Amino acid sequence: MESLTLLVLVLDSTLRLSAPLILAALAGLFSERAGIIDIGLEGKMLGAAFAAAATAALTGSPWAGLAAGIAASVLLALVHGYACITHRGNQVVSGVALNILVSGLSAVLGVAWFAEGGRTPQLPGEARFLPLEWPGADALRDVPGLGALYGELLSGHNLIVYIAFLAVPAAAFVLYRTRFGLRLRAAGENPESADTAGIAVSGLRYRALLCTGVACGLAGTYLSLAQSAGFIRDMSAGKGFIALAALIFGKWKPVPAMFACLLFGFLEAVAIRLQGAEVPGVGEVPVQFVQALPYVLTVVLLAGFIGRAIPPRALGVPYVKER
Amino acid sequence: MPRKVAADSARAALRDEMPGSVVPAVELRGVDKRFGRVHANRDVSLAVARGAIHGLVGENGAGKSTLMSILYGFYRADRGEIRVDGRPVAIEDSEDAIAAGIGMVHQHFMLVDTFSVVENMVLGAEGGALLASGMSRARRVLERLARDYALEVPPDARVGDLSVGVQQRVEILKALFRGAEILILDEPTGALTPQEAEHLFRILRRLKAQGKTIILITHKLREVMEVSDRVSVMREGAMVAHRDTARTSIPELAELMVGRRVLLRVEKGEARPGRNLLAVETLSVRDERGTTRVREVSFTVREGEIVGIAGVSGNGQSELLEALAGLRPAFAGHILLRGRPLGEGSGARRSEGLAHVPEDRRRMGLVLPFEVRESAILGYHDDPRYRSAGRLDWASVSRDTEEKMRAFDVRPPDPRRITASLSGGNQQKLVLAREMERDPSVLVVGQPTRGVDIGAIEFIHRRLVAMRDAGKAVLLVSAELDEIMGLCDRILVMFNGRIVGEVPAGAASERELGLLMAGAGARSRALRAP
Amino acid sequence: MTATATGPAAGLPRWAVIGLLPVLNLLTAFAVSGLVVLLIGEDPWRVVRILVWGAFGFEEAIGYTLFYATNFIFTGLAVAVAFHCGLFNIGGEGQAYVGGLGVALVCLHLDFLPFALIVPAAMAGAALFGAAWAFVPAFLQAYRGSHVVITTIMFNFIAAALMVYLLVNVMSEPGSVQPETRPFAAHARLPFVHEILAAAGIRVAASPLNLSFVWALLCCAFVWLFIWHTRAGYRLRTVGFSPPAARYGGISPPRQVLIAMLVSGALAGCMSLNELMGVQHRLLLEFSAGYGFAGIAVALMGRGHPVGILLASLLFGALYQGGAELSFEIPRITRDMVVVIQGLVILFAGALEYLFVPALRLALTRRHGA
């Protein structure tokens with residue numbers, strides 16, 4: 001019974017930890033399937049987290065915070081687009097630049113505006129996204145099995161967690177069942193063929209980046225308004241890169257990417273549980289080993305030893321149309 | 001489609017008004033286009049009759065593709081007017097062209113390899129924000145078109161898995177699905193097998209029978225004579241003649257294309273072949289996908305002769321060249337120089353006296369962002385002459401490069417210019433200088449004059465002959481039949497990976513070579529092979 | 001000679017591309033940084049004055065500036081060497097980190113060696129461990145086609161986890177809870193420049209500037225020789241520009257990828273000499289934080305040339321040192337301001353490199369036309 005409770009607890013925190021990863025991975029999905037490398041997921045998340053926390057601290061409204069978070073992330077995505085699409089700049093360089101810029105800017109502005117060493121003020125409950133209790137969750141809590149499943153796993157997460165999981169089928173639908181998705185995939189595979197089919201590749205890539213901005217904005221907002229009660233410096237702590245790894249691990253497809261995020265979220269949940277704990281038969285497993293596992297797995301996948309991750313063909317190649 | 005009906009009736013009205021004069025389906029008037037220094041189209045005019053197959057011929061670089069890219073909205077003309085069905089239209093991009101009923105099948109297909117056939121068809125013509133309805137409509141249209149025009153393709157196959165011929169059908173379907181009334185095909189048979197080409201012509205004739213207008217860009221005169229109703233000839237960016245196909249001939253068209261009575265007569269004396277230098281024995285070569293591209297090929301090249309390999313491109317010539325140069329492993333068979341097997345890799349071949357001028361100088365033969373002197377030692381950078389105290393001695397490299405540039409008339413002879421800033425002809429002369437000035441015993445040359453101006457072509461041909469006369473062995477692969485016939489002492493014809501015939505140069509008629517290149521002589525032999 | 005550039009800046013004279021464009025980009029980055037200062041309600045000119053004074057205003061400051069520049073030279077050269085082979089090594093961070101492990105192992109376990117031997121041994125340790133950390137991404141890029149950008153990012157994180165594990169569980173001083181090793185022996189440290197000068201009778205203010213600065217300058221010279229004056233460098237650059245041409249020329253691209261990444265990793269690893277053997281005198285967490293990424297900015301600004309990298313490193317070193325003084329003078333502006341400037345420099349000098357090309361082209365043709 002105790003191990004069941006432990007399992008539910010771990011799975012419960014897996015959902016919580018993978019939600020921002022899923023949103024960020026979907027953000028990367030839109031950008032990369034359109035042919036634009038996005039190693040700036042990290043920076044967009046961090047920027048959104050800061051903007052959301054700062055705005056929520058000033059207005060007291062999580063919704064204003066969410067709007068600010070998304071706006072910040074979209075703005076960063078558009079700067080990325082301006083450099084990579086309009087000026088055909090190097091996409092990796094642009095991503096690196098934005099990551100560094102945001103890391104510095106959020107700290108500078110945080111210190112200057114709130115004078116708390118880079119933090120934003122601790123947010124009260126009503127300025128955050130709080131867990132939503134599903135009807136009857138309390139009543140069912142004591143029913144064995146069902147109570148844990150419904151009351152703990154399904155119920156009791158905040159809005160953005162549900163959005164994250166709903167975003168996966170939505171993204172899949174957009175990508176595979178809509179005109180926008182078809183054109184987006186064409187722009188990422190063979191922009192010239194999209195162009196000759198009468199599609200404006202640049203406009204399309206900008207729109208893909210808008211989607212990226214919105215999804216990353218949600219992911220960042222989640223960090224500062226749902227998972228924590230405010231902004232802490234560098235609070236994205238590599239999550240943007242884990243999401244990128246998950247995107248690759250999921251072979252640039254929405255549902256597999258979600259499962260990769262769940263796996264990585266699960267590893268993170270286990271790592272937290274493992275801190276200092278003895279595993280029977282193995283002894284103390286170094287928590288760093290579990291933390292490094294997502295990256296190691298991704299490298300192994302990229303090496304082609306377990307399946308093969310084939311990126312969109314035009315990924316990273318600016319589209320040049322000669323006139 | 002009410003718009004089309006209106007256009008049709010308007011056209012009918014026009015025809016009634018002006019008996020005898022038919023409004024062309026497409027008309028280009030005074031089109032002019034420059035790319036930097038290159039004047040690609042000079043005041044070009046062209047009228048194409050409705051329901052006709054109109055051939056547009058010219059040599060490589062004559063401006064055919066540029067003209068059609070302007071018509072399809074891929075480039076914008078500097079000056080000139082486009083009329084469709086008699087009305088002036090502004091074609092700013094491909095979308096406008098599609099809206100005007102123009103469809104294009106590019107030489108390099110514009111398909112998304114990872115998409116299915118149906119997805120490729122609907123791309124850009126989805127008919128709504130959701131795909132479902134457009135896809136099912138595409139499926140219905142596909143079935144109908146397949147019936148009407150012999151355009152069979154599997155609707156759900158991944159395009160990347162289809163053969164070249166079938167991919168081309170997908171391109172045609174794409175255009176027809178968008179309601180194209182005017183179809184442009186750019187060098188459509190370049191990569192097709194003869195059977196596939198035959199199938200294509202069948203499709204084109206059916207399209208014509210249904211009232212579609214077809215513009216066929218090609219430099220293969222035989223095809224134009226076979227399938228077209230009318231031919232226009234371009235030369236050096238200008239339109240030089242229009243002819244009814246029935247009232248012209250291959251020699252006339254060839255003369256118009258080249259602009260001289262005599263096609264590429266290379267001044268050369270009798271060949272005095274000596275001993276066998278290069279021997280290829282039952283060589284087979286596979287490409288990256290594991291497809292066998294060269295099948296059990298055997299031949300020899302002697303001292304003091306130029307042996308040409310003719311063939312429609314894509315029949316294994318490129319792979320043969322690369323295998324000889326050591327860039328591709330031989331799957332089976334041997335390559336011998338003076339009876340001894342050659343070493344592995346291009347470096348080894350080079351040091352054993354086999355020099356190679358690659359088909360694609362921009363991608364392979366040169367490093368465009370390099371200074372000329374850096375490009376000029378590619379492959380020979382280990383030469384001790386270029387070294388002093390373990391370092392590359394750039395002063396010596398510069399001296400040597402400048403000498404070579406002067407010897408091969410590469411202009412300007414400045415070894416520190418950026419390679420990309422040289423013209424095509426000068427780039428090619430630079431490659432030749434590098435490969436020929438080192439006195440190799442065998443020179444393997446691919447497409448030596450592709451995209452090169454006339455003056456440079458003559459220079460290059462003279463140097464190749466001079467090399468022959470110095471007792472070297474030269475193997476030439478060219479897509480230009482004229483070049484092969486004018487330059488070579490013996491001609492081997494390649495088809496579908498095999499050498500299907502050998503013709504001594506003097507006895508070669510274009511007709512005979514053409515038949516061999518089309519695989520006419522090979523089919524029975526291929527059937528017998530295991 | 002009509003020297004015009006090719007590529008996106010085609011048509012512009014070479015002097016404009018090499019001289020004017022980078023300056024314009026840099027000024028833009030500074031101007032936007034000034035806006036950030038305005039945004040938080042401070043006077044940008046005052047900030048500039050403090051930065052310049054803080055970086056060059058007194059002897060000690062110059063020492064610090066050069067000390068920071070040393071780090072940037074190593075990581076900048078590392079990025080540049082890989083770049084010449086067409087590779088984007090953004091794993092300098094991890095390679096420097098693991099290079100530190102090499103330095104620490106030598107300084108802790110080979111300290112029976114005399115100074116004259118332990119210094120080269122530590123240099124070898126830094127280079128070797130840095131190169132080793134680049135090896136797997138390099139190998140995977142060369143022979144399995146896995147994109148080096150992604151794998152080096154992953155290896156940065158793996159390095160971080162590895163180093164935490166080692167410092168917490170394996171290498172920390174017995175009885176200490178600090179995640180750091182015991183201090184290096186006195187002869188396993190690099191002498192400070194002020195000590196060397198004092199021995200020669202010249203008195204300068206004490207600063208962390210140490211002997212590894214000289215090694216950094218030597219590395220600049222080595223890289224210049226290697227890239228442009230050896231056959232190995234020629235091969236590497238050929239692959240960087242055109243792998244098919246390299247293959248045609250008898251050069252194996254996978255091999256060059258491996259060589260470039262190993263040299264790059266070794267250079268990044270050397271950064272740890274300056275931090276650990278020069279100043280910290282022990283192995284500790286996150287000593288390389290930020291320098292690996294800053295190397296990208298340095299290499300971009302320096303256009304991959306050692307002289308440019310040296311100048312860019314001095315600029316970044318000055319920013320780092322000036323930024324430290326700045327946070328003393330104006331507590332509301334933290335040292336993170338330097339990170340902002342860094343990000344903006346990478347953005348404008350790197351990703352938006354050609355931002356001003358259309359304007360410049362217009363300006364130059366108008367002048368010629370008039």
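What this report covers is the structure whose coordinates are included nearby. Predicted, not measured: the structure shown is a model, and the values here were computed from it.

## So, the overall build of chain A
Helix and strand content of chain A: 13 helices and two strands. The C-alpha radius of gyration computed for chain A amounts to 20 Å, which stays within 12% of the reference 20 Å derived for 323 residues, consistent with globular compactness. For chain A, the spread of C-alpha atoms along the three principal axes comes to 70 × 50 × 40 Å. Within chain A, the proportion of its 323 residues that are buried is 60%.

## Points about the sheet that holds strand β14 (residues 332-337) of chain B
Residues and elements named next belong to chain B. Spatial ordering of the open sheet is given by β12-β11-β14-β15, a layout of four strands whose pairing is antiparallel. Two strands lie at the open edges of the sheet, namely β12 (292-302) and β15 (340-341), each paired on one side alone. Across seven bridges, strand β11 (residues 276-286) lies against β12 in antiparallel orientation. Looking at β12, one finds that N276 is bridged to R302.

## A closer look at helix α10 (residues 201-227) of chain A
Residue and element names in this part refer to chain A. The end-to-end C-alpha separation of α10 is 37 Å, in line with the 39 Å expected for 27 residues at 1.5 Å each. For α10, the principal kink sits at T221 and spans about 30°. Within α10, 19 of the 27 residues are buried, which leaves it mostly tucked inside the rest of the structure.

## A few points about the packing of aromatic side chains
All told, the structure shown has 25 aromatic pairs over all chains when counted by the stated rule. Judged by centre distance (5.4 Å) and plane angle (85°), the rings of F370(B) and F241(C) are edge-to-face. Remark: F241(C) occurs in helix α9 (residues 231-241) and F370(B) occurs in the loop between α12 (361-365) and α13 (372-375); the pair is interchain, linking two chains. Overall, F370(B) belongs to the buried group, its relative accessible area being 0%. The exposure class assigned to F241(C) is partly exposed, which follows from its relative accessible area of 45%. Here R350(B) stacks its cationic end above the ring of Y248(C), 4.8 Å away from the centre of that ring. Residue placement shows R463(B) over the ring face of F408(B); its charged tip is 4.1 Å from the ring centre.

## Things to note about a nonpolar patch on the surface
Residues and elements named next belong to chain C. Taken together, the side chains of W45, V48, V52, F56 and I62 make up a nonpolar region of the molecular surface, amounting to roughly 510 Å² of accessible area. In terms of residue count, helix α2 (residues 44-56) provides more of the nonpolar patch than any other element does, four residues in total. Structurally, W45 is set in helix α2.

## Quick notes on the sheet that holds strand β7 (residues 182-186) of chain B
Residue and element names in this part refer to chain B. Read from one edge of the open sheet, six strands run β6-β7-β8-β3-β9-β10, paired in mixed fashion. Since the sheet does not close on itself, it has two edges, and those belong to β6 (102-105) and β10 (238-244), each with one partner. On average, adjacent strands in this sheet sit at an angle of 20° to one another, irrespective of strand direction. Pairing of strand β3 (residues 53-57) with strand β8 (residues 213-218) involves five bridges; the strand directions are parallel. Across the sheet, residue I53 finds its bridge partner in β8, namely I214. The strands that helix α2 (residues 64-71) touches are β3, β6, β7, β8, β9 (230-235) and β10; relative to β8, the one it contacts most, it runs at about 150°.

## What about the interface of chain C and chain A?
Reports often express the size of an interface as the amount of accessible area lost when the parts come together. The interface of chain C with chain A comprises 39 residues on the first partner and 42 residues on the second. Interface of chain C and chain A: buried area, both sides summed, is about 3,600 Å²; carbon and sulfur atoms make up 80% of it. One can count one salt bridge joining chain C with chain A. A salt bridge links R233(A) to D336(C), with the nearest nitrogen and oxygen atoms 2.7 Å apart. At the boundary of chain C and chain A, one finds four residue pairs in polar contact (both at pLDDT 80 or more). Listing elements by their share of the side of chain C that touches chain A, those giving two or more residues are α1 (14-39), α5 (115-144), α6 (148-170), α12 (291-301) and α14 (336-351) of chain C. Of the residues in the side of chain C that touches chain A, the class split is 30 nonpolar, six polar and three charged.

## Quick notes on the pairing of strand β21 (residues 490-495) of chain B
All names here are of chain B. Within β21, six of the six residues are buried, leaving the element largely enclosed by the surrounding structure. Along β21, one buried face is formed by R490, L492 and M494 and the opposite face, lined by I491, V493 and F495, is buried too. Where strand β13 (residues 305-310) and β21 come together, four bridges link them in parallel fashion. Among the inter-strand pairings, V307 is bridged to a residue of β21, identified as R490. Strand direction decides the pairing type here: β21 and strand β22 (residues 498-504), joined by six bridges, are antiparallel. Across the sheet, M494 pairs through a bridge with I499, a residue of β22. Counting the residues in the hairpin turn of β21 and β22 gives two residues, including N496, whose phi is positive at 50°.

Cut-offs applied
The residue numbers shown here count from 1 along each chain, following its written sequence. Whichever chain is written first is A, and whichever ligand is written first is 1; the rest continue in order. Residue-level local features of this predicted model are given only where pLDDT is at least 70; pairs of side-chain atoms are given and counted only at 80 or more, and the full residue set underlies all totals for whole chains, interfaces and linings. Side-chain metrics rest on all non-hydrogen atoms present in the structure, leaving aside hydrogens and water. By the criteria applied, helices consist of DSSP H or I runs no shorter than four residues and strands consist of E runs no shorter than two, each listed in order from the N terminus. The atom set for the radius of gyration is the C-alpha atoms, and the globule formula is 2.2 Å times the number of residues raised to the power 0.38. Each residue is placed in one exposure class: buried if its accessible area under a 1.4 Å probe, protein chains only, is under 20% of its type's maximum, exposed if it is over 50%, and partly exposed if it falls in between. Note: two strands are recorded as paired if DSSP finds a minimum of 2 bridges between them. Here, expected helix span is obtained from the residue count minus one, scaled by 1.5 Å. To get the bend at any residue, fit one axis to the seven residues that end at it and another to the seven that begin at it, then take the angle between the two axes. Paired rings are identified among Phe, Tyr and Trp, the last through its six-membered ring, by centres lying within 6.5 Å, and are further divided according to the angle between planes into stacked (under 30 degrees), edge-to-face (over 60) and tilted (the rest). Charge over a ring is defined by NZ of Lys or CZ of Arg lying within 6 Å of the ring centre and within 35 degrees of the ring normal. Patch membership is restricted to residues that have no salt bridge and whose relative accessible area is over 30%. Joining uses 9 Å for like charges and 5 Å for the nonpolar side chains Val, Leu, Ile, Met, Phe, Trp and Tyr. All accessible-area figures derive from a Shrake-Rupley calculation using a 1.4 Å probe, and residue coverage is judged against the displayed protein chains alone. The rule for a salt bridge is simple: a side-chain nitrogen of Lys or Arg has to be within 4 Å of a carboxyl oxygen of Asp or Glu. Axis definition: a line fitted to C-alpha atoms, over the contacting stretch in the case of helices. Angles run 0 to 180 degrees between N-to-C directions. Any two residues whose heavy atoms approach within 4.5 Å at even a single point are treated as in contact. We define buried area as the total accessible area lost by two parts upon association, computed with a 1.4 Å probe and summed across both. Under the rule applied, a polar contact is a pair of N or O atoms within 3.5 Å (in protein, one hydrogen donor and one hydrogen acceptor; residues adjacent in sequence only if both atoms are side-chain atoms). Put simply, Ala, Val, Leu, Ile, Met, Phe, Trp, Tyr, Cys and Pro go in the nonpolar bin, Asp, Glu, Lys and Arg in the charged bin, and everything else, Gly too, in the polar bin.

Geometry only, nothing functional implied.
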